[in-house]
Amino acid sequence: MTITNEAVLKALSTVQEPDLGQDLVTLNMIKNLEIEGSHVSFTVMLTTPACPFRGKIEKDSKEAVLKVDGVKTVSVKMDSDVPNDGRMRGLVKTPIRNAIAVGSGKGGVGKSTVAVNVAVALAKAGARVGLLDADIYGPNTPTMLGVEKLPPPNGPRIIPAEAYGLKMVSMGLLVRPGEPLIWRGPMLNSAIRQFLGDVEWGELDYLIIDLPPGTGDAALSLVQALPLSGAVIVTLPQLVSLEDAGRGLNMFKKLEVPILGIVENMSYLELPDGTKMDLFGEGGGAHLAHITETTYLGGIPIDQNVRIGGDTGKPIVATNPDSNVAKALTDIAEKIAQKVSVAAFGANTGFSINIVE
Ligand code: ADP
C-alpha cells in the first residue's frame, strides 16, 4: 500500500512538544518529509539544540510514524533553529538571537564558572555561542578557557578568540596583563558601548555575558547597553549570599530584564560513600526562587575538579562531561536554553507558553 504524507503528518500530530504545549505539526517543526516505499524519513526542527526533551521527541515521533499502516522503517533527523527574542540590539552589527546575562550579588560565588560552562555546554549541543566576559573587576574567563590573546583585529573590529566551539571576548584581553581596569561613570559607559559595538561576533544563537558582580555602575551600564533576553543569578546557599543575590535580582527586575532563574553553586559536597554534605546550609537558592517567584534552575555541587579545570583552561563540561557536577551544569544550560526559546517562540507566534519544570 502507498503511504501518504497526510497519514504520516496525522501520526506526527499526536506528538507533543512538552514546552510549547502543541504538537509537532501545528508547530511547523516537521521538515524534509520523504517517503520511499515502506521507509519514511523527516527532520524535527527544535527551537534549541540543547532541548532537554530532544531524546523523548525523537523517540515519540519515530514510534508514532511506525504505527502508520505500511511503514516498516523510520529515520528521524533532529535539527534546530533557535528563535530570535525580537529585541533590537542596534549596537551589535550581526544578529545575536538571544543575549543572556549571568550575574551575582557578590564576587567569588562561581558566576564566571557558571557562565563559561553553560556557554560550553550550549556550544557542545550544537548552538552558535558567544561569551562576553564583561567582568571588568575580575576578567577570568580567558584563564578558564585557556585563551591567552585575541586574534589580530580586523581594522577597528575586534575578532573573538575561539575555544571549545565558542567565540569569546574578554575585557581582560584588551588591556595589558597587570594593568588595572579603572573605568568609572560616563567613561565606563562609553567604553562598554564602544566595546560591544566593535566585536565581530558573526551570527549567534546565544551570547552569554559574564557580568561584573553586584549592582554597581559597571553591571548597570552593561545591562542598559544591550537588551537582554534574560538574566541568570548565581548564589551560594548561605543566607548572606542570598541577600546579595536578592539585591542583584531586584536590579534586573527594576530594569525590566526577565529573570531566567537562580543557580545555587557549591550546594553540597559529595562524600566518597555517595552521601551529600551541606557545607553552607540547604535549599537557599530554591527558597530565594520561591519567595521571589522566579525559577530555580538547579544546584551545582562542590568539586575540586571545577576549580582545577578553571585554573587550567579546561571547563569541566568539556573535559569530564560524565561527572555529576558537569551533568548539573549541562542540565542548567538546557533549562536556560529552553526558557529563552520558549519565551522567544511565544513572542514570535503568540503561542501560549508552558514550561515543564
Ligand atoms: P565569580 O565569577 O563569582 O567571582 P568564579 O567562577 O571565578 O567566581 O569562582 C571562584 C572560584 O571558585 C574559582 O576558583 C572557581 O574555580 C571555584 N569554583 C566555582 N564553582 C565551584 C564548584 N562548584 N566547586 C569547586 N570550585 C568552584
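Rules used throughout
Residues numbered from 1 in each chain as written. Predicted model: local features only at pLDDT ≥ 70, side-chain atom pairs only at ≥ 80, totals over all residues. Heavy atoms only, no water. Near = heavy atom within 4 Å. Polar contact = N/O pair within 3.5 Å; in protein donor to acceptor, adjacent residues only side chain to side chain. Areas by Shrake-Rupley, 256 points an atom, 1.4 Å probe, with all protein chains shown as cover. Salt bridge = Lys/Arg side-chain N within 4 Å of Asp/Glu carboxyl O. Helix = DSSP H or I, 4+ residues; strand = E, 2+ residues; numbered from the N terminus. Buried < 20%, exposed > 50% of the residue type's maximum accessible area, 1.4 Å probe, protein only. Axes fitted to C-alpha atoms, helices over the stretch in contact; angles between N-to-C directions. Left-handed = near helix turned anticlockwise from the far one by under 90°. Contact = heavy atoms within 4.5 Å. Nonpolar A, V, L, I, M, F, W, Y, C, P; charged D, E, K, R; others polar. Domains from an automatic or database assignment. Buried area = accessible area lost by both parts, 1.4 Å probe. Arc of directions from axis to C-beta. Parallel < 35°, antiparallel > 145°, perpendicular 65-115°, else oblique.

### Overview of the site of the ligand
(1) Moving on: Lining the immediate environment of the ligand, one finds 17 residues, of which Gly108, Lys111, Ser112, Thr113 and Asn265 sit closest.
(2) Moving on: One of the backbone nitrogen or oxygen atoms of Gly108 is found 2.7 Å away from an oxygen atom of the ligand.
(3) Moving on: Residue Ser112 places a main-chain N or O atom 2.8 Å away from an oxygen atom belonging to the ligand.
(4) Moving on: Protein burial of the ligand: of its 560 Å² of free accessible surface, 84% is covered by the chains.

### Concerning the pattern of salt bridges
(1) Moving on: Counted under the stated rule, the structure contains 15 salt bridges.
(2) Moving on: Across the pair Asp210 and Lys111 runs a salt bridge, and its minimum N-O distance is 2.7 Å. One end of the pair, Asp210, is in strand β10 (residues 206-210); the other, Lys111, is in helix α3 (residues 111-125), and 99 residues separate them in sequence. Taken individually, Asp210 and Lys111 each receive the classification buried, so the pair is uniform in this respect.
(3) Moving on: Salt bridges sharing partners connect three or more residues here, namely Asp81, Arg97, Arg128, Glu203 and Asp205.

### Here we look at the packing of helix α7 (residues 239-254) against helix α8 (residues 284-291)
When two helices pack together, their arrangement is given by the angle between their axes and by how far apart the axes lie.
(1) Moving on: Across the interface, α7 lies against α8 with an axial gap of 10 Å and an inter-helix angle of 35°. Once α7 is placed against α8, the crossing between them reads as right-handed. Side by side, α7 and α8 meet where Leu242, Ala245 and Gly246 of the first sit next to Gly284, Gly285 and Leu288 of the second.
(2) Moving on: When grouped by side-chain class, the residues that make up the contact of α7 with α8 number three nonpolar, three polar and no charged.

### Digging into the domain arrangement of the chain
(1) Moving on: Domains assigned within the chain are domain 1 (5-80) and domain 2 (99-348).
(2) Moving on: Using only C-alpha atoms to locate each centre, domain 1 and domain 2 end up separated by 34 Å.
(3) Moving on: Listed by partner, the interface residues are nine residues for domain 1 and eleven residues for domain 2.
(4) Moving on: Buried surface at the junction of domain 1 and domain 2, summed over both partners, amounts to about 900 Å²; 69% is from carbon and sulfur atoms.
(5) Moving on: Put simply, domain 1 and domain 2 have zero salt bridges between them.
(6) Moving on: At the junction of domain 1 and domain 2, the tally comes to three residue pairs in polar contact (both at pLDDT 80 or more).
(7) Moving on: Partitioned by chemical class, the residues of the side of domain 1 that touches domain 2 number six nonpolar, two polar and one charged.

### A closer look at helix α9 (residues 304-311)
(1) Moving on: Taken as a whole, α9 has its buried residues at Val306, Gly309 and Gly310. Along the axis of α9, the buried residues cluster in a sector spanning 100°; they form a single face.
(2) Moving on: The N-cap residue of α9 is Asp303: its side-chain oxygen and the backbone nitrogen of Asn305 are 2.8 Å apart.
(3) Moving on: Count one or two residues on from α9 and you reach Gly313, which has phi positive near 75°.

### Digging into the environment of Thr319
(1) Moving on: Here Thr319 lies in helix α10 (residues 316-319).
(2) Moving on: Note: C-alpha distance between Thr319 and Leu46 (273 residues apart in sequence) is 27 Å.

### Considering the packing of helix α1 (residues 5-12) against helix α2 (residues 54-66)
(1) Moving on: Running from N to C, α1 and α2 cross one another at 135°; their axes reach a closest spacing of 8 Å. Between α1 and α2, the interaxial angle falls into the category oblique. The two elements α1 and α2 cross, and the hand of that crossing is right-handed. Note on element contacts: α2 touches α1 through Ser61, Ala64 and Val65, opposite Val8, Ala11 and Leu12.
(2) Moving on: For the contact of α1 with α2, the residue count by class is five nonpolar, one polar and no charged.

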